[in-house]
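Summary of the model geometry
Chain by chain, the residues:
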Amino acid sequence: MVNQHTSNEDAMKTVKVYIPMGRVAEVSEIGGSVIFLASSASNFMTGQTLGVA
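Residues numbered from 1 in each chain as written. Predicted model: local features only at pLDDT ≥ 70, side-chain atom pairs only at ≥ 80, totals over all residues. Heavy atoms only, no water.

Under an unreviewed UniProt entry, the name given to the chain is NAD(P)-binding protein, and the source organism is Athelia psychrophila.

Looking only at helices and strands, the chain has 3 helices and 0 strands in total. Taken from the N to the C terminus, the helices and strands of the chain come in the order α-α-α. Out of the 53 residues in the chain, the part that is buried amounts to 6%. Carbon and sulfur atoms provide 60% of the accessible area of the chain, an area that totals close to 4800 Å². (Helix = DSSP H or I, 4+ residues; strand = E, 2+ residues; numbered from the N terminus. Buried < 20%, exposed > 50% of the residue type's maximum accessible area, 1.4 Å probe, protein only. Areas by Shrake-Rupley, 256 points an atom, 1.4 Å probe, with all protein chains shown as cover.)

So, on to the pattern of salt bridges. Scanning all chains against the criterion turns up 1 salt bridge. The salt bridge partner of Glu29 is Arg23, with a shortest N-O separation of 2.7 Å. (Salt bridge = Lys/Arg side-chain N within 4 Å of Asp/Glu carboxyl O.)

Right, let's talk about the side chain of Ser42 for a bit. Note that Ser42 resides in the segment after α3 (27-38). Those residues in contact with Ser42 that sit more than four places away from it in its chain are Phe36 and Leu37. (Contact = heavy atoms within 4.5 Å.)

Set out below in structure tokens:
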């Protein structure tokens, strides 16, 4: 599913305009956040936006 969107050059240009770094994240760059959200450390988080930088 991701490959459908990332392989479309026009779609990626549109998306990158809204990303401060000008590119989409690599899997290795968001892994820590995913592990945190999947762990009990995030049990008390509700209704939050997690900024991954």
